2 protein chains.
Amino acid sequence: MNLTARSSQDAASASVPAHDRVYRSLRTRIMHGEITPGAALTLRGIGREFEVSMTPAREAVRRLAAEGALFLSSSGRVSTPELSNERIEELAALRALLEVELASRALPRAHIALIDRLQMINTTVAEMVSKRDAVGYIRTNLEFHRTLYLRAQAPAMLAMAETVWLQLGPTMRALYGRLRRTDPPQNHRLIIAALKAGDEPGLRLAVRSDVTQGLRLLAG
Amino acid sequence: MNLTARSSQDAASASVPAHDRVYRSLRTRIMHGEITPGAALTLRGIGREFEVSMTPAREAVRRLAAEGALFLSSSGRVSTPELSNERIEELAALRALLEVELASRALPRAHIALIDRLQMINTTVAEMVSKRDAVGYIRTNLEFHRTLYLRAQAPAMLAMAETVWLQLGPTMRALYGRLRRTDPPQNHRLIIAALKAGDEPGLRLAVRSDVTQGLRLLAG
DNA sequence: GGGCGTGGTTTGTGATCACATGAGGGCATG
DNA sequence: CATGCCCTCATGTGATCACAAACCACGCCC
């Protein structure tokens, strides 16, 4: 039946299914803003790119659509979502709600090793900003947040926050691409300072500001 | 090729795809607690029940798994999730976080017609409680909450809340089945009273209590 | 020159099949 | 009688195919 692309399957398919590999690839690509909003995808195109048939491509797309990372038209066509301003504000509010809680839960568990790590990541964030690398910025910025929130020991809550990031991915890219700013991440420093001081109200405020500032300038 | 189950497809397939029909059926079934936690499902079994092949069944399952409504073992076996106590507490915290915000956003838009409607639904809730109809109780209880939150005009936030309900579905059933109580929904009345009075702090408190009380007795 | 129908072509949907894997039952053995 | 092993069957995965509908572009007509 199929003579090609067999060798790669023999070893890898059992350990990690093809649909999962496709899913993960597309997911990070979307979350990091590597795809512009409204871009069209096709099952056959995805299959061709990952050297799989339509079946795993379809499952990956279905999964991403369920998370809001992809938009399915009424006829089943696949594209990244184009968010309305109301939608963006709502997702920003969700980020604030979830991430303030996550940070708050992480605070009592945030030891010096974590803070050091956050500071190091923050250096990379500043570097990406100065290089005007939008995708790199989004990636390291999310890494900063995820590193902090992992300490909250709240996997379901973190998963929800990541779902929101995913939905905002393509839009974030378009947003930060438009944003010509070389400011270092000031709010990140406030977050780190609040963590060091064990200042919960300050931490909540800093996270809320960091999360909503970028999205605010679109609506404002 | 296939001679059976064709007539149903000719009319319905175009309007609503088979995988969507399967998805919706399973979704409400899970959300309303009609399936016990840990129950096993099979793609072929689902396909047989809905008179479709494995393909739409797989897509529906994949979608539900992405929402946390179903658990996929490492070998791909499908079952409803069995939640740990930590997980339940976390989901309860998420309900509180999201639904307090939704209620708060709905408050300024809550006119008398909505309150009347909530009171009517609440009558049905009390009826279900007195009949000890667990599934009916869960269904009407969620209808009460959804009716209120729809007024918040926050579709993304509502979708997240529904995802949490979905994850808690099977566990809720097991919980309320164990709970032998004939109390009328006291917190619902507090919610309605706060809505009437335009009392936002009271509303937030009432929603938080309503949402966490049921789940509390499991951990406590 | 512009609006509209009509063809081909691309696309998603669903069915079916081959295959590998893992779970569960039955049998033998201690 | 309990325990461990093996075999069988059920189950998920992925590929391929047939089909219908939607999209797009070309050309026609006004």
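Residues numbered from 1 in each chain as written. Chains lettered and ligands numbered in written order. Predicted model: local features only at pLDDT ≥ 70, side-chain atom pairs only at ≥ 80, totals over all residues. Heavy atoms only, no water.

- The name given to chain A in an unreviewed UniProt entry is GntR family transcriptional regulator, with Leisingera aquaemixtae as the source organism.

Let's talk about the protein's contact with DNA strand D
Then, number 1: Near DNA strand D you find 24 residues, and of these A18, H19, S53 and T55 of chain A together with M54 of chain B are the closest.
Then, number 2: Per the 4 Å cut-off to the protein, sugar and phosphate atoms form 66% of the nearby atoms of DNA strand D.
Then, number 3: The contact in question runs from a phosphate oxygen of DNA strand D to an N or O atom on the side chain of S53 of chain A, over 2.6 Å.
Then, number 4: Between DNA strand D and the protein, one listed contact pairs a phosphate oxygen with a backbone N or O atom of L43 of chain B at 3.0 Å.
Then, number 5: Put simply, the parts of the chain that give the surface near DNA strand D at least two residues each are α2 (18-31) and α4 (54-66) of chain A together with α3 (43-50) and α4 (54-66) of chain B.
Then, number 6: If one sorts the elements of the surface near DNA strand D by residue count, α4 of chain B sits on top with three residues. (Near = heavy atom within 4 Å. Polar contact = N/O pair within 3.5 Å; in protein donor to acceptor, adjacent residues only side chain to side chain. Helix = DSSP H or I, 4+ residues; strand = E, 2+ residues; numbered from the N terminus.)

Things to note about the interface of chain B and chain A
Then, number 1: Taken residue by residue, the interface counts 25 residues in chain B and 25 residues in chain A.
Then, number 2: Taken together, both faces of the contact between chain B and chain A bury some 2,200 Å²; the carbon and sulfur share is 70%.
Then, number 3: Looking at the side of chain B facing chain A, the largest losses of area belong to R62, E90 and M160 of chain B, adding up to 28% of the total buried there.
Then, number 4: There are four salt bridges connecting chain B and chain A.
Then, number 5: With a closest N to O distance of 2.6 Å, R62 of chain B and E59 of chain A form a salt bridge.
Then, number 6: Counting across the chain B and chain A interface gives 10 residue pairs in polar contact (both at pLDDT 80 or more).
Then, number 7: Every element with two or more residues in the side of chain B that touches chain A is listed here: α4, α5 (85-106) and α8 (155-178) of chain B.
Then, number 8: At nine residues, α5 of chain B tops the list of elements feeding residues into the side of chain B that touches chain A. (Contact = heavy atoms within 4.5 Å. Buried area = accessible area lost by both parts, 1.4 Å probe. Salt bridge = Lys/Arg side-chain N within 4 Å of Asp/Glu carboxyl O.)

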